[in-house]
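# Structural characterization, general
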Amino acid sequence: ITSGVTTNEFTTLGLARAAVTAPVGGDYTAPTTLGGTFSQIIRKTFTATGNATGKGAGVFDSTTVAGSILYIEDNFASDAVMVNNDTLTVTCTITN
């Protein structure tokens, strides 16, 4: 595992790393048995502050680039072409 910026990571235009709002209520499914399956849904809405094309998203352990660890990364099915004030909501479901 390496730390730092991913290739072509946005750090401007409203698409930089940001903390998600603490999940609440139905966003977490607890395991029903010891060692059972759990799932956690996290989501973040970004607002573009200029023209940008989002190609994917990632989940890191920190909003600070230096020394952070990338846990999940994936490309979008199609590019998210955005202009100023467009919003993009990224949702990740984490399951053991």
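Use the structure listed above.
About the thresholds
- Residues numbered from 1 in each chain as written.
- Predicted model: local features only at pLDDT ≥ 70, side-chain atom pairs only at ≥ 80, totals over all residues.
- Heavy atoms only, no water.
- Salt bridge = Lys/Arg side-chain N within 4 Å of Asp/Glu carboxyl O.
- Helix = DSSP H or I, 4+ residues; strand = E, 2+ residues; numbered from the N terminus.
- Polar contact = N/O pair within 3.5 Å; in protein donor to acceptor, adjacent residues only side chain to side chain.
- Pairing = 2+ DSSP bridges.
- Buried < 20%, exposed > 50% of the residue type's maximum accessible area, 1.4 Å probe, protein only.
- Core = buried A, V, L, I, M, F, W, Y, C linked by side-chain atoms within 4.5 Å.
- Contact = heavy atoms within 4.5 Å.
- Phe/Tyr/Trp six-rings, centres within 6.5 Å; stacked < 30°, edge-to-face > 60°.

Another aspect to go through is the pattern of salt bridges. Under the defined criterion, the tally for this structure stands at one salt bridge. Residue K55 is joined to D79 by a salt bridge in which the shortest nitrogen-to-oxygen separation is 2.8 Å. Taken together, the residues span a long stretch of sequence, with K55 in strand 3 (residues 52–60) and D79 in strand 4 (residues 70–82) at a distance of 24 residues.

With that out of the way, let us pick up the side chain of R17. Checked against the element boundaries, R17 lands in the segment before strand 1 (28–29). Only 2.5 Å separates the side chain of R17 from the side chain of S68, close enough to count as a polar contact.

Relative to strand 2 (residues 39–47), strand 1 runs antiparallel, the two being bridged by two bridges. Bridged to T29 within strand 2 is S39. The sheet contact formed by strand 2 and strand 5 (residues 87–95) spans nine bridges and is antiparallel. When the bridges of strand 5 are listed, I41 appears paired with T93.

With phi around 60 degrees, L13 is a residue other than glycine that occupies positive phi space. Following the sequence through the fold, L13 ends up in the segment before strand 1. Notably, N85 is not glycine yet its phi reads approximately 75 degrees, a positive angle. Looking at N85, the relative accessible area reads 55%, which means it is exposed.

Counting residues in hydrophobic clusters, the biggest one holds 11 residues: L15, I42, F46, A48, A52, V59, A80, M82, L88, V90 and C92. When contributions to this core are tallied by element, the ones reaching two or more residues are strand 2, strand 3, strand 4 and strand 5. Considering every element that reaches this core, the biggest residue donor is strand 5, with three residues. Leaving out residues up to four positions away in the same chain, F46 has contacts with G14, L15, A16, A18, M82, D86, T87, L88 and V90.

Before going further, it helps to spend a moment on the packing of aromatic side chains. Evaluated as defined, the whole model comprises one aromatic pair. Taking the centre distance of 6.3 Å and the plane angle of 35 degrees together, the rings of Y28 and F38 count as tilted. Of this pair, Y28 sits in strand 1 while F38 sits in the loop between strand 1 and strand 2; the two residues are 10 residues apart in sequence, bridging distant segments of the chain. The class for Y28 is partly exposed, based on a relative accessible area of 41%. Judged by its relative accessible area of 27%, F38 is partly exposed.

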